[in-house]
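# Residue-level structural notes
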Amino acid sequence: MTAENTNNLYFFGILPPFNIAAELNEIKKEFAEKYESLKALKSPAHITIIPPFFANDTFENAIESKVSAFVKHCSHIPVTLNGFGQFNEKVIFVELEKNETLSTFYYSFSAFFTGLGFEITSMNKFFHPHVTVAFRDLSHENFRKAWTQYEKKEFKDSFTATGIHLFKHKDEFWHVIKEFNFGG
């Protein structure tokens, strides 16, 4: 199999600005140090829009003009981070306040993406935007310890998302490889 045909793992997400990302990364580091949850450190702080999917290397160039054309008609998205939440006693995240603009973008971009021939699994069709700070490597015992600390802990910040990013998994980490700016 040539490098051109090698399947790689990708996802689309929204990055917060540097100052907020730095705060979120400090929280991730705290989870790694205190609760032995390291996997969240393998990606920048982000809001997932299209969950991980496989594609070959030609995908990167083939998708660029299509995504650019799609997002140039999209408005900037106000985002408010507020508090912490959890999924199934395995994942702890920073919660986002309900946001119709973000939901509308998600459903539009998902339809666009599936229209390109990609499938979003039924498990991932439910959109609950968040920023993961402790991942599935969090043991049940450490989840309980952490959740008692974070369940009522305050975290509030906001920003305006000005684009979407394409991430690629390489060398055990997620890297931003392309940024697509919204039209305004």
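Criteria and cut-off values
Residues numbered from 1 in each chain as written. Predicted model: local features only at pLDDT ≥ 70, side-chain atom pairs only at ≥ 80, totals over all residues. Heavy atoms only, no water. Buried < 20%, exposed > 50% of the residue type's maximum accessible area, 1.4 Å probe, protein only. Helix = DSSP H or I, 4+ residues; strand = E, 2+ residues; numbered from the N terminus. Expected span 1.5 Å × (residues − 1). Bend = angle between axes of the 7 residues up to and from the residue. Contact = heavy atoms within 4.5 Å. Pairing = 2+ DSSP bridges. Phe/Tyr/Trp six-rings, centres within 6.5 Å; stacked < 30°, edge-to-face > 60°. Lys NZ or Arg CZ within 6 Å of the ring centre and 35° of its normal.

What follows is about unusual backbone geometry. You will see that Glu89, though not glycine, has its phi angle at about 55 degrees, which is positive. Given the relative accessible area of 37%, Glu89 is considered partly exposed. Here Asp171, not a glycine, exhibits a phi torsion of approximately 55 degrees, which is positive. Using a relative accessible area of 59% as the deciding quantity, one classes Asp171 as exposed.

For helix α2 (residues 58-71), spanning 14 residues, the distance from its first C-alpha to its last is 21 Å, which sits close to the expected 20 Å at 1.5 Å a residue. Of all bends in α2, the biggest is about 35 degrees, found at Glu64. The complete set of buried residues in α2 reads Phe59, Glu60, Ile63, Val67, Phe70 and Val71. In the core, the buried residues of α2 are packed alongside β1 (7-14), β2 (47-56), α3 (100-115), β7 (163-170) and β8 (173-181).

All right, on to the pairing of β1 then. Within β1, 6 of the 8 residues are buried, which leaves it mostly tucked inside the rest of the structure. As defined by bridge partners, β1 adjoins β2 across 7 bridges and the pair is classed as antiparallel. Pairing of Asn7 across the sheet is with Asn56, part of β2. Sheet topology note: the β1/β7 ladder contains 4 bridges and is antiparallel. Counted as the bridge partner of Tyr10 is Lys168 from β7.

Here a ring pair, both rings aromatic, is described through the centre-centre distance and the interplanar angle of the planes. Inspection of the entire model under this criterion finds 27 aromatic pairs. Relative to Phe105, the ring of Phe70 lies with its centre 6.4 Å away and its plane at 55 degrees, an arrangement referred to as tilted. Taken together, the residues span a long stretch of sequence, with Phe70 in helix α2 and Phe105 in helix α3 at a distance of 35 residues. A relative accessible area of 5% means that Phe105 is categorised as buried. Here the aromatic rings of Phe113 and Phe118 are separated by 4.6 Å at their centres, their planes lie at 15 degrees, and the arrangement is stacked. Here the two residues Phe113 and Phe118 agree in accessibility, since each one is buried. Here the aromatic residues Tyr10, Phe12, Phe53, Phe59, Phe70, Phe105, Phe109, Phe112, Phe113, Phe118, Phe180 and Phe182 are joined through ring pairs into a cluster of three or more. The ring of Phe173 carries the charged tip of Lys42 above its face, separated from the ring centre by 5.4 Å.

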